[in-house]
Amino acid sequence: MAGRQHPPTHSRPYRPREKPISSHVYYCLCGEYNLILVSTKPLSDFPQRITDSAYIIDNTQIKHSWNAKRGETVLLKRSDGYEQQERYHCRRCDLLVGYKATGESHSGDYSYILATALTEAPGAVPVALQNEVKSSLGR
Ligand SMILES: [Zn+2]
């Protein structure tokens, strides 16, 4: 340690940050809170899965905490192999709200949030569900 210079204490290194990180709370349709997401952006800005439109959360990058209860583990056959889903259900009404997927088709550590199940405002209809209703009425 001797001979090493201490960094100056009067000025902190400038660390650019795009946006402040904040907590986003997500509620089930029944009003129960199910998920807390700590992120710079809301869930609606996350990428969505092609198979079921679920929002994709990279567990190694995004901090989040489930209030939903762990449900059954199911095995699904996908075009690129088997997928095992550990499912999460709302504590109050048992609605399926998301899952963690592992298996042949998954190399990383990801969680998936069903776009039609959770909303940031309790009692509101999720945006994805509103769009679904609109497109089904528009035909
Ligand atoms: Zn619920």
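All of the points below concern the structure found in this document. On a predicted model such as this, the values are computed, not experimentally measured, just so you know. (Residues numbered from 1 in each chain as written. Predicted model: local features only at pLDDT ≥ 70, side-chain atom pairs only at ≥ 80, totals over all residues.)

Details of the overall build of the protein
Moving on, step 1. Broken down by element type, the protein carries one helix and nine strands.
Moving on, step 2. Counting helices and strands in the order they occur from the N terminus, the protein gives β-β-β-β-β-β-β-β-β-α.
Moving on, step 3. Split into buried and exposed, the 139 residues of the protein put 21% on the buried side.
Moving on, step 4. In the protein, 42% of the contacts between residues at least 6 apart in sequence involve partners at least 24 apart. (Helix = DSSP H or I, 4+ residues; strand = E, 2+ residues; numbered from the N terminus. Buried ≥ 20, exposed ≤ 12 C-beta atoms within 10 Å, placed from the backbone. Contact = placed C-beta atoms within 7 Å.)

Topic: the pairing of strand β6 (residues 81–89)
Moving on, step 1. Where strand β5 (residues 69–78) lies against β6, eight bridges are found, and the strand directions are antiparallel. Looking at β6, one finds that Arg70 is bridged to Tyr88.
Moving on, step 2. Hairpin connection, β5 to β6: the antiparallel pair is bridged by two residues.
Moving on, step 3. Relative to strand β7 (residues 96–103), β6 runs antiparallel, the two being bridged by seven bridges. Bridge pairing links Tyr88 to Gly98 in β7.
Moving on, step 4. The antiparallel hairpin formed by β6 and β7 contains six residues in its connecting segment, where Asp94 sits at a positive phi of about 75°. (Pairing = 2+ DSSP bridges.)

Remarks on the nonpolar core
Moving on, step 1. Grouped together as the largest cluster of nonpolar side chains are 22 residues, with contacts concentrated most on Tyr55, Val97, Ile113, Leu114 and Leu118.
Moving on, step 2. At the level of secondary structure, the elements contributing two or more residues to this core comprise β1 (22–28), β2 (33–39), β3 (55–58), β7 and β8 (110–113).
Moving on, step 3. Setting aside chain neighbours within four positions, we find Leu114 in contact with Ala54, Leu96, Val97 and Gly98. (Core = buried A, V, L, I, M, F, W, Y, C linked by C-beta atoms within 7 Å.)

Some points on the sheet that holds strand β4 (residues 63–66)
Moving on, step 1. One open sheet holds the four strands; their spatial order is β4-β2-β1-β9, and the pairing between them is antiparallel. Every interior strand has two partners, whereas the edge strands, β4 and β9 (118–119), have only one.
Moving on, step 2. Across six bridges, β1 lies against β2 in antiparallel orientation. Among the inter-strand pairings, Tyr27 is bridged to a residue of β2, identified as Tyr33.

Here we look at the sheet that holds β7
In any sheet, the strands associate via hydrogen bonds between backbone groups, in a parallel or an antiparallel arrangement.
Moving on, step 1. Taken in spatial order, the five strands make up an open sheet running β3-β8-β7-β6-β5, and their pairing is antiparallel. Because the sheet does not close on itself, it has two edges, and the strands there are β3 and β5. The sheet shows a mean angle of 25° between the axes of neighbouring strands, taken without regard to direction.
Moving on, step 2. Note: β7 against β8, four bridges, orientation antiparallel. Considered in β8, the bridge of Gly98 is made with Ile113. (Axes fitted to C-alpha atoms, helices over the stretch in contact; angles between N-to-C directions.)

Points about unusual backbone geometry
Moving on, step 1. Even without being glycine, Ser53 reaches a positive phi, approximately 65°.
Moving on, step 2. In this structure, Ser53 sits in the loop between β2 and β3.
Moving on, step 3. With 14 C-beta atoms packed within 10 Å, Ser53 lands in the partly exposed category.
Moving on, step 4. In this model, Asp94 sits at a positive phi of 75°, which is unusual for a non-glycine residue.

So, the environment of Lys41
Moving on, step 1. Its place among the elements puts Lys41 in the loop between β2 and β3.
Moving on, step 2. For Lys41, a count of 14 C-beta atoms within 10 Å translates into the label partly exposed.

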